[in-house]
Structures are given as C-alpha cells and as structure tokens.
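# Commentary on secondary and tertiary structure
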Amino acid sequence: MDGSTQLAGPSGDLALRVAVEDFYTRYVEAANEPDALDTWPELFVEDGQYRVVPQENWKQGWPLALVRAESRGMLKDRAAATRGINTYTPRTMRHLVSNIRCTRRRDGDIDVRAHFLVVETMIDEPSRVFASGLYVDRLAEEGNGRLRLREHVVVLDNDLVPNSLVYPL
Amino acid sequence: MDEMARPNPDRVWSDEGYSRVPYWLYTDQEIYDREQALIFQGPFWSYVALSAEIAEPGDFKRTFIGDRSVVVVRGEDGAIHGFENRCAHRGVQFCRAHRGRAKDFMCPYHQWTYDLEGNLIGVPFRRGVKRQGGMPKAFDPKDHGLRKLRTAERHGVVFASFDPAVPPLEEYLGEAMLGYFDRVFDGRELKVLGYQRQRTPANWKLMFENIKDPYHASLLHVFLVTFGLFRADNESSVEMDATGRHAVLVSRKGDQKKTDDLSDMKSFRESLKLNDMRLLDPVREFPGTATVVMQTLWPNLIVQQQSNTLAMRQLVTRGPDAFDLIWTFFGYADDDEAMVTRRLRQANLMGPAGFVSVDDSEVMEFSQVGIAQAPQACGVLEMGGHDTEDTPHMVTESAIRAFYKYYREIMGV
Ligand code: FES
Ligand SMILES: [Fe+2]
C-alpha cells in the first residue's frame, strides 16, 4: 500500500470495495443478532478459520486463541453454545467495522484489514466497550461471485476480556 | 500480623461452623485488606511464573501476588529473583510490560537503578551537582533496595512469597498434593502456548469455591455433562492436604450415555452432537486412570488438567468485588504437532470464551450481585455432610468447607 490517496487510484477497485463493505455489513448483522446466529457459519467457506487472539499472543506469535474454529462445523458448535449450551447474562452486542482495506491477491482471494469496535450492553449496566481491534481476514470469491471468509482473525487490542466472550466478534 | 485490629464486631460467623459462609466475607473492604496482609503477604507460596517464561538470564515477567504488582527475573547466575514492582524512592511502578529482557531495572522518574536481584545500584546526583545538593552522606543504597521476595522453583513452576518465614515448598504442598503436582510437572520441559486473561466481577474466593465444588459441575455445565467429561456418575474423588487449604478434584471420563442417576442432571442432552468432533479427541498422556485433575493451591493457583488442555489459572485480586484470572496454557517441549493442535483445540473449553468456563465466570458474577445485597445472610454448604474429609465421590462440598476452616484459622474471623 503506498502512502498517498489519489482520486484516480481507487476507482478501479470500487466494485471490490463496495462488495467487501457489503459483506461486512452482513457479517455484523449475523454476529449481532441472536436469531441470525445460525447464518453466521454460512459466511465462512467449509474449512473456514476463525480465531480471536489477544494482543499479547498475536505480538509474541503464540498460537493460543480465545476461540479457535477450523471449520464451518466448529463454527456451528460455537453458535450452538451461544444458543443453548452456555449460561450467561443476556446481552446486546453492537459491532462497528470501519477503515476497511482490501487487496486482491494473485490467487484470486482478497486480503482484508479492518478496524472494529464492539459495544456490550447488559442488564443493570450502561453500555461499555467490550473490545476493539483489527480484523486480519481473507475472503474467497466463489464461482458465482459470492464472498465468504476463508480466514477471520480477530486481533484484540486488549489482553484482558471483560468477563466472558459469548457472541462472535 | 498481630497488630491488625479484629474485624468489625457485627461481622460474626454463625455457630454452624464450616457449613455456613457469611456473605460479608465477599463484600467488606476490611476483610479484603486483612486478606491482603495475612494471606497474600503471609507465609505462603503464590504462583508467579513457569520457568519457561523466564528461561534466560535477564528474562523477566511482571505479575501479581494478591493485588501487588511484582517482577520475577532470571539472574545472571541462573537463579530466580523476585521483588515488588514499586520504586524504593517514591513508589513508582517502574515495570510496565508483561515481560521482556533486562540488564537492570531503571525507574523512569529519577532514574534510580536496580540490579536483577532488586539491589539499588545507581542514584543519579547522589553526590550532588557542582558540589551542591546530593544525598546525605549517611545514605546507603543497601538500605534502599526493592522489597524482595522469596522464590522457589519446582519442575518448571515458580512460586514466590513476601514472607521470609515461608516453609520449604515441598513441605508447604504436602505429600499428597505434591504427588498430583508432579503428575503434570514431571520434570519435562514446559512450553507456553499463550495466555488468556479475564476480569470477573466477583470476589476471588468464589473462584476457589468454584473449583473446589464438584457438585455444580454435573448440573451447570451442559457441555461437561453431555460429553461425559466430568459428571457425578463418573468415578471420582475429592482429596485435600492435611490443612485443607489445597485440594484436588479427580475424575475419570465416562460416556455420553443415559443412566438412572441422570434424572437429576437436567443438563444432559442426549441429542447434542458436535458438528466437528476434532474438538474432543482426547488422548491419555498421564499415568493412572484420571482424565481430569483440577488442583487448587492456596492462595492463588488452579492447575488445570482436563483431557489434554493444561493451564495455570492465576488469581489476581482486584478489590472485594473483582478478580482477574490469568490463564497460562502450556504443553511440553517434546509435544508433536498433533498434540499441540489438540491442546489448542481443547482450549476452546476453557477461558473467557470456554464452552465450559463461560458458565463459571457468568455464574460467579450472578453470585456476587446476589451476595452483595445481603451481607448478613450466609451460604449453606451441607452437601456431603458437615465435615471436611476426603471423599471417594463428587457429591460433596467438603473441599469448600475445608478451605474455610483453614481460612478462619489464618484470618482470625
Ligand atoms: S520514584 Fe523511582 S526514581 Fe524517583
Ligand atoms: Fe465449573
């Protein structure tokens, strides 16, 4: 990525950019809305990877994640945990995703970097910032032009989680 | 700490002894302060690090004992030193990184400098500038080192204590607990896989109670019950050291099948199947038949061995109403790639996002808010009777009673 923004530059990528932005709008709709949670795994390819990584592990290259899913099946198991296996205080999560950069790779996939902020709201408490960080993602474009996540790596700015992480980031 | 005043006189523990725990214990600042002085700064060994985290001379780790920030560091001589992270000049917490490597520690404020053992080795302008100012002649750096810790290392695990009167570590753990400790820490080199940290809005003792409480596991945790990982009808035991301050819950994995005893376990879901079974692909790696050993070591450590997920859970107190739990996940240096992957997958059960642990961190928050509204009420701990003995089953709260029996002795409440 070179250091300047030029009016003529991005126009060629405009369609890609609009499509990627639209994809993240869909992602957030699936991740924020408990009733839409079942559609969340569908936003990944069959062997899609999802990891939520605390800042210190990311920086030091330690492999441990807070959540590690390596297939759509594991993502479904996560959704099932949220929808009935785990006990937790009901909460509303609000994701804001912005500053999206996307680059087409040689192999046809799309590299994405985006900033996110997630606000959590629970009973008896005002809303609070739950997490912020960077998405380090890779999107696959399927034959019909449909985008899905091949990798969704959520790099947290924080190490310390405010008690529990129940919903997808 | 005899000079400490007795706690508030209306805070009286009921006569029913260890089967009752008064709720003011979880909310009073006075109790919390007393715990810091008598427990976390007392003659006990707090967990601070794995040796693998500070393997080379100069490697340091910033961590906590109670709510005090401390630094542990490997010295030039290979020995481990520890000190409080508080400048002897005017109190600055000089170390502000989780970890790193250092030749010495310099406080940024007036640049007092300490060696790796915590001795003061440099005071700028000590002799003044142009013959003016400077420290008095009598100022001796030897009297102004950092507050030092005792340290002990066993099979790759490092403990520390503020109190020089702490007994030898092996004696402190006792034979039975040492046996379980050495089962995981058998002398093989350990390898850190990474960390998880969470802040739970609950009193620190609720965390210990939770891991000393096998009763809840068969009820609260749908995941454990359904997949037979820890269930009241599995062969299991609760064992303690002679004082009752340390304990283990030991269990052997059963099957995902229905038995008569399950009628009380509403959490059992026969129909629950994982979409991707790679999450639960445990292999036996320790001698004996136990598949889960959860060990609670007074005053700040839980050693987790559930299937192949191994972690140190270190408790950091954050006032009466909150604690941090720092999870250090590890394996062995000689693990093959498949084992590393297995450990990383099974880590999904644990931590702030764990299929199992989320239930605990959330329920502890429910406990704290409930308890806080009635400090004069108390909890009832009668499952398995009133005593504090070991049991060959998990339908008991005896390890919690034993913990409070010892706690009362130490706290004088
Ligand atoms: S406070 Fe540390 S040098 Fe002054
Ligand atoms: Fe539990």
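Structure: above.
Being a predicted model, the structure only gives us computed values, none of them experimental.

What counts as what
- Residues numbered from 1 in each chain as written.
- Chains lettered and ligands numbered in written order.
- Predicted model: local features only at pLDDT ≥ 70, side-chain atom pairs only at ≥ 80, totals over all residues.
- Heavy atoms only, no water.
- Helix = DSSP H or I, 4+ residues; strand = E, 2+ residues; numbered from the N terminus.
- Rg over C-alpha atoms; globule rule 2.2 N^0.38 Å.
- Contact = heavy atoms within 4.5 Å.
- Areas by Shrake-Rupley, 256 points an atom, 1.4 Å probe, with all protein chains shown as cover.
- Lys, Arg positive; Asp, Glu negative; His and termini not counted.
- Charge placed at Lys NZ, Arg CZ, Asp CG, Glu CD.
- Pairing = 2+ DSSP bridges.
- Axes fitted to C-alpha atoms, helices over the stretch in contact; angles between N-to-C directions.
- Salt bridge = Lys/Arg side-chain N within 4 Å of Asp/Glu carboxyl O.
- Buried < 20%, exposed > 50% of the residue type's maximum accessible area, 1.4 Å probe, protein only.
- Core = buried A, V, L, I, M, F, W, Y, C linked by side-chain atoms within 4.5 Å.

## Details of the overall build of chain B
Check the secondary structure of chain B and you find 9 helices and 19 strands. At 23 Å, chain B has a C-alpha radius of gyration in line with the 22 Å of a compact globule built from 413 residues. Projecting the C-alpha coordinates of chain B onto the three principal axes gives extents of approximately 90 × 60 × 35 Å. For chain B, restricting intrachain contacts to residue pairs at least 6 apart in sequence, the fraction spanning at least 24 positions comes to 66%. Accessible area for chain B stands at about 16,900 Å²; split by element, carbon and sulfur atoms hold 50% of it. When the 50 positive and 59 negative side-chain charges of chain B are each reduced to one mean point, those points stand 7 Å apart.

## Some thoughts on the sheet that holds strand E1 (residues 44–53) of chain A
All names here are of chain A. Strand order in the open sheet made by the 6 strands is E2-E1-E6-E5-E4-E3, with mixed pairing throughout. Either end of the sheet is taken by a strand with one partner, and the two such strands are strand E2 (67–69) and strand E3 (91–104). Across the sheet, the axes of successive neighbouring strands diverge by a mean angle of 20°, strand direction being ignored. Relative to strand E6 (residues 147–156), E1 runs parallel, the two being bridged by 6 bridges. Among the inter-strand pairings, Phe 44 is bridged to a residue of E6, identified as Leu 149. Contacts from helix H1 (residues 14–32) reach E1, E3, strand E4 (110–122), strand E5 (128–141) and E6 within the one sheet, and its direction differs from that of E3 by about 160°. Its contacts with the sheet place helix H3 (residues 72–85) against E1, E2 and E6, and it is angled at close to 55° to E1.

## Comments concerning the pattern of salt bridges
All chains considered together, the criterion is met by 40 salt bridges over all chains. Between A:Glu46 and A:Arg72 there is a salt bridge, with the nearest N and O atoms lying 3.4 Å from each other. With a gap of 26 residues between them, A:Glu46 in strand E1 and A:Arg72 in helix H3 connect regions that are remote in the sequence. A:Arg72 sits in the buried class, given a relative accessible area of 14%. Between B:Arg252 and B:Glu235 there is a salt bridge, and its shortest N-O distance comes to 3.7 Å. One end of the pair, B:Arg252, is in the loop between strand E14 (247–251) and strand E15 (292–297); the other, B:Glu235, is in the loop between helix H6 (222–226) and strand E13 (236–240), and 17 residues separate them in sequence. The exposure class assigned to B:Arg252 is partly exposed, which follows from its relative accessible area of 22%. Look at the salt bridges and you will find they share partners, linking A:Arg105, A:Asp107, A:Asp109, A:Asp111, A:Arg138 and A:Arg150 into a network.

## Brief notes about the environment of B:Gly91
All names here are of chain B. Along the chain, Gly 91 turns up in the loop between strand E5 (80–84) and strand E6 (99–101). You can call Gly 91 partly exposed: its relative accessible area is 38%. Distance from Gly 91 to Cys 107, taken between C-alpha atoms, is 9.6 Å for residues 16 residues apart in sequence.

## Quick notes on the nonpolar core
If you look at the biggest cluster of nonpolar residues, it comprises 107 residues, and the most contacted ones within it are B:Phe223 and B:Tyr407. The residues contacting B:Phe223, other than those within four sequence positions of it, are A:Ile85, B:Leu229, B:Leu274, B:Leu279, B:Leu280, B:Leu349, B:Phe355 and B:Val356. Among the nonpolar cores identified, the runner-up in size contains 43 residues, and A:Ala31, A:Val118, A:Tyr135 and A:Val161 belong to it.

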